[in-house]
Structures are given as C-alpha cells and as structure tokens.
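An overview of the molecular structure
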Amino acid sequence: MTKKLGAILPDLSPLRSSREFRLLWVQGLVTNFGSFMAMIALPLQIKDLTGSPLAVGAMGAVELVPLVIFGLYGGALADAVDRRKVILLTEAGLGVLAAVLLVNSLLPEPLLWPLYVVAAGVSALAGLQRPALDSLMARIVPHDQLTAAAALNALRWQLGAIAGPSLAGLVVAYAGHGTAYGVTILGFAVSVLLCLRLSPAPAAHDAEAPSLRGIVEGARYAWSRPVLLGTYAIDMAAMFFAFPNTIFPFLADDLDAEWSLGLMYAAGSVGSVVLSLTSGWTSRVRRHGLFVVFRAAGWGLAITAAGWFSNIWVVLVCLGLAGAGDMLSGLGRSTIWNQTIPEELRGRLAGIEVLSYSVGPQLGQIRAGATAGWTGTRPAIWGGGLACLASVGLLAAVLPKLVTYDAETDEDALRRRTQKEAATAATA
C-alpha cells in the first residue's frame, strides 16, 4: 500500500537534491500568493470604475506589446547576464508597481489610467523575469528530475492561485482594494529577501551581449523544431479561444452568484492541485507530446461545458476539470522544453516560451471581452471552447512530430541528456 501511494504522490526529488530549487520554490509560492491577490483586485477595480467588460478586457491589450518586446529581450538577457540578478531586480520592480496600485486605491477618487499603466509595467517586468526563471530550471535540477520539478512548480503556482483569488474576493469585498495591494507588496518584500540567498547564476564566459541577432538566432532554432512549434502553437490557440477569466465577474452576475467570483478564479487551480498531488506517475511518462495535445483538448471541452451550463456548481466543476487539463498540458510542454533545448539557447527559447503561454491569455482576454460585449457572456465562453477543440485537432494533424515525441528516442532529448551528464561529471 505504501509503495502504491508513493507511486502516485508528487516526486519530491528536486526539493531534496537542489538547494536552489528549494529557495525558488518557496520564493515562488510567496510571490504567487501576493500576485494573485493583485491579479483579482485589479480587474475588479476596473469593473467597479467602468462597469464595462470591454474595459476589463482591454487589460490584455495594454499588456500585450510590453510582454512581446520584453519577453524576447528578457530571453536574450538571460543568456548574457547573471540570471539571479534579473530575478532579484524584477521582483523588486514588481513590488514598486504594487505600491503604485496601493497609493492610487487610497485616493478619494481612484484614477483609471494608472491601472492600465501598472498592468503594462507588470507585463514588461514579467517578460524580463520569466526567461531567467525558466532557463534556470534545467541548470539547477538533474535531467531525470525535470518532469518532477515541473510538477512541483505547477503545484506551487496552483497553491497560490487557489489561496490568492479565494481570499482576494473576500478581502476586496470587506477590506477594499488597498488591502489586497498591501498584501501583494508584503509578498514581494519576502520574495526579494529569498532571492538574495540564491547563488549567482552567471552566463557562459563566451556569451554575447543581448542583441536582435541573438533573438533571431533563437527564433530560427525554434522554427527548425516542429516539436517545439507544436507546443507553442497549441498552447497559444487554446488560450486565445478559451481563456474566459477576464469576464468571470460578468459570468457571476449572469448566474446570479456574485459570491462565487473568487471560487471561479480558483476552481481551475483546484483541479490542477488535485492532479499535482497525484503526479508521481508523470515522472514515468515518455510521450509528452500526447500530454500537450489531449490535455489541451480537455481544456477546450471543459470550458465549453462551463459556458453552456447554468448551475453554478456544475460550472465550478467544469472549470476545475479545465485546470486539470491545462496543468498536464503545461507539464508536457515544460518537460519537452527542458529536455531538448541546448543550454546556450535556453534563455532565448525561454523568451519565446513566455510569449507562447502568455500572449495567448492576453489576446484571449481581448477576444473574450469583445465577444461577450457582442454575443453575451456565456456564448463567448462556450463558443471559445468549441473553437479551441477545433484548433487543437487541426494543429495536431499538421504537426505529427509533436504527437510522436518520445523522450527515450528523440535525438535532441538524447543529445541534451548526454551534454548534461558530461557537464555534471566535469564538475564532480
């Protein structure tokens, strides 16, 4: 019985074997909690000030350009400088932006335009930071523990995604937006202290300075890899068509369940956590491309159901199932990326990865807000879910190498494993 239970529970090997991973895991848990508090409070404040779903969806528009520009530049930066410094400075910058939100919320009449400015600034700093964080994983975690590390990172993220939104709805309702922003500032302060304890993560001695040529080099490598293209394209399509989070406040109104808003934001994370807590089996999976395809399709099907049903509890269950599908799809994508991409290109490819899983939701916010204003909230949700299913099926058909990817036979995965084993032996 104990042996069977151990095969299901999360694989904790990365936490035991890597001090840097432990620090980043705790740091991420703290900062995610605070970030989700602000992520819920910000659209709620825009809704309170405007009453417009389009105004809430416009957050995606103002976040998009900074995310694209700084995400690509952040990838090149991660290959050229100490990744620890990038993580530390961007965390501090995010804390400053949270302070701006707090000051604005305390004004007698809070202004609308600073909310969009801060949203753009957060997007820019996140674009700079995420490539450094993501590219660091393959360096600090043993090759055979990368899937386990991805599952633990997903668990960490989802714990914050459950606690943050659930408490944010209550905090905003009973204590105001300012209190939620204050919690966010505290989270970033603790995160900075933890980042100071990380070991330096310098670039290779022959690394080139960030440049457009370097970014293009990374893009060419990604374009030459159909497996990578498949992970990017399927995730972007799924998020573009079926990411309805920005119109949850209006869905709660339509269902006459305003009390459920925090639960709507948290439901997907609950589904993800349930799978994360039973993710031990994923360390034995080798066909990660199938993860990406089938779980992205599961996301679309669940979102379709969430938009179709009118019972709030059924809707919450559907959102939980969607989160479970998204978690497994993300696990497959992360494993493929970390198993196959060369170390010298990790930062630049991580920048492209940031775009693949971030631009989709940003565009999805715009699509959801605009469609909801035209067709109504629920048709915008179930229609997007059906479009997600169709797009995932089409992309799987035109990119068969993603479906047939096998970690034990893929040439790039085998080459990366050999390189890491040689590097480990050289430093032993």
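Scope of this entry: the structure provided in the associated data block. (Residues numbered from 1 in each chain as written. Predicted model: local features only at pLDDT ≥ 70, side-chain atom pairs only at ≥ 80, totals over all residues. Heavy atoms only, no water.)

Here we take up the environment of Ala 99. Tracing the sequence through the fold places Ala 99 in helix 5 (residues 83-105). In this structure Ala 99 comes out as partly exposed when scored by relative accessible area, which is 28%. Placed 87 residues apart in sequence, Ala 99 and Leu 186 show a C-alpha to C-alpha distance of 9.9 Å. (Helix = DSSP H or I, 4+ residues; strand = E, 2+ residues; numbered from the N terminus. Buried < 20%, exposed > 50% of the residue type's maximum accessible area, 1.4 Å probe, protein only.)

This brings us to the nonpolar core. Of all hydrophobic cores here, the largest spans 101 residues; its most connected members are Phe 21, Leu 228, Ile 234, Met 264, Trp 299, Leu 319 and Leu 349. Discounting chain neighbours no more than four positions away, the residues touching Met 264 are Phe 248, Leu 251, Ala 252, Leu 255, Ile 312, Leu 316 and Leu 319. Judged by nonpolar contacts, the second largest core, of eight residues, contains Ala 150, Ala 151, Phe 291 and Leu 328. (Core = buried A, V, L, I, M, F, W, Y, C linked by side-chain atoms within 4.5 Å. Contact = heavy atoms within 4.5 Å.)

Tallied over the full model, the rule gives four aromatic pairs. Their ring planes at 40° and their centres at 5.5 Å tell us that Trp 259 and Trp 313 sit as a pair that is tilted. Here Trp 259 is found in the loop between helix 11 (248-254) and helix 12 (261-276), whereas its partner Trp 313 is found in helix 14 (residues 312-340), with 54 residues between them in sequence. Among the residues examined, Trp 313 registers a relative accessible area of 53% and is labelled exposed. When the ring of Trp 308 is compared with that of Trp 382, the centres are 5.7 Å apart and the planes differ by 75°; the resulting orientation is edge-to-face. One end of the pair, Trp 308, is in helix 13 (residues 288-308); the other, Trp 382, is in helix 16 (residues 377-398), and 74 residues separate them in sequence. We classify Trp 308 as exposed; its relative accessible area is 55%. (Phe/Tyr/Trp six-rings, centres within 6.5 Å; stacked < 30°, edge-to-face > 60°.)

With 16 residues, helix 12 extends 24 Å from end C-alpha to end C-alpha; this agrees with the ideal 22 Å at 1.5 Å per step. Of all the bends in helix 12, the greatest, near 35°, is centred on Ala 267. A large share of helix 12 lies buried, amounting to 12 of its 16 residues. When helix 12 is considered as a whole, its buried residues turn out to be Leu 261, Gly 262, Met 264, Tyr 265, Ala 266, Ala 267, Gly 268, Ser 269, Gly 271, Ser 272, Val 273 and Ser 276. At its buried positions, helix 12 is contacted by helix 3 (19-50), helix 7 (146-175), helix 11 and helix 14. (Expected span 1.5 Å × (residues − 1). Bend = angle between axes of the 7 residues up to and from the residue.)

Here the focus is a nonpolar patch on the surface. Together, Leu 107, Leu 111, Trp 113 and Val 117 line one region of the surface with nonpolar side chains, adding up to about 390 Å² of accessible area. Structurally, Trp 113 is set in helix 6 (residues 113-140). Classification of Trp 113 as exposed rests on a relative accessible area of 58%. (Patch = residues over 30% accessible without salt bridge, like charges linked within 9 Å, V, L, I, M, F, W, Y side chains within 5 Å. Areas by Shrake-Rupley, 256 points an atom, 1.4 Å probe, with all protein chains shown as cover. Salt bridge = Lys/Arg side-chain N within 4 Å of Asp/Glu carboxyl O.)

This next bit is on unusual backbone geometry. Glycine aside, the phi torsion of most residues is negative, and most peptide linkages are trans. With phi around 55°, Asp 256 is a residue other than glycine that occupies positive phi space. Residue position: Asp 256 is located in the loop between helix 11 and helix 12.

Our focus in this paragraph is the layout of surface pockets. Computed from the structure, the second largest pocket encloses a volume of approximately 340 Å³. Among the secondary structure elements, those contributing two or more residues to the lining of the second largest pocket are helix 3, helix 7, helix 11 and helix 12. Class assignment of the residues belonging to the lining of the second largest pocket gives a composition of nine nonpolar, three polar and four charged. (1 Å grid on protein atoms, 1.4 Å probe; cavity = no way out; pocket = protein on both sides within 12 Å on 5 of 7 lines; lining within 4 Å. Points joined across faces, edges and corners; volume = space filled by probe spheres on them. Nonpolar A, V, L, I, M, F, W, Y, C, P; charged D, E, K, R; others polar.)

Turning our eyes to something else, we now look at the pattern of salt bridges. Under the defined criterion, the tally for this structure stands at seven salt bridges. The salt bridge involving Arg 83 is made with Asp 79; its shortest N-O contact spans 3.3 Å. Both residues of the pair, Arg 83 and Asp 79, count as buried. A salt bridge links Arg 348 to Asp 79; its shortest N-O distance comes to 2.9 Å. Residue Arg 348 is found in helix 15 (residues 346-375), and its partner Asp 79 is found in the loop between helix 4 (53-78) and helix 5; the two are separated by 269 residues along the sequence. Judged by its relative accessible area of 15%, Arg 348 is buried.

Summed over the entire model, instances satisfying the criterion amount to three cavities of 30 Å³ or more. In this model, the second largest cavity occupies a volume close to 40 Å³. Around the second largest cavity, the lining residues are Asp 235, Ala 238, Met 239, Arg 295, Ala 296, Trp 299, Gly 325, Asp 326, Ser 329 and Arg 333. Contributing elements (two or more residues each) for the lining of the second largest cavity: helix 10 (226-241), helix 13 and helix 14. Tallying contributions element by element places helix 14 first for the lining of the second largest cavity, with four residues. The class makeup of the residues in the lining of the second largest cavity is four nonpolar, two polar and four charged.

Before going further, it helps to examine the side chain of Thr 246. Looking at the secondary structure, you find Thr 246 in the loop between helix 10 and helix 11. Discounting residues that sit within four places of it in the chain, Thr 246 has contacts with Val 56, Gly 57, Gln 365, Ala 368 and Gly 369.

Take Arg 284: it is sitting in the loop between helix 12 and helix 13. Residue classification places Arg 284 among the exposed residues on the basis of a relative accessible area of 53%. Linking Arg 284 and Ala 148, residues 136 residues apart in sequence, is a C-alpha distance of 9.7 Å.

Following the sequence through the fold, Pro 210 ends up in the loop between helix 8 (177-195) and helix 9 (212-223). Pro 210 gets classed as partly exposed once you look at its relative accessible area, which sits at 27%. When the C-alpha positions of Pro 210 and Gly 74 are compared, they lie 8.7 Å apart, and in sequence the two are 136 residues distant. Aside from chain neighbours lying at most four places away, what touches Pro 210 is Tyr 73, Ala 76, Leu 77 and Ala 80.

Further remarks concern the packing of helix 3 against helix 4. It is the contact of helix 3 with helix 4, at a shortest axis distance of 8 Å, that shows an interaxial angle of 140°. Overall, the two elements helix 3 and helix 4 adopt an arrangement that is oblique. As helix 3 runs across helix 4, the sense of the crossing is right-handed. Together, Leu 42, Pro 43, Ile 46, Lys 47 and Thr 50 of helix 3 and Ala 55, Val 56 and Met 59 of helix 4 make up the contact between the two elements. (Axes fitted to C-alpha atoms, helices over the stretch in contact; angles between N-to-C directions. Parallel < 35°, antiparallel > 145°, perpendicular 65-115°, else oblique. Left-handed = near helix turned anticlockwise from the far one by under 90°.)

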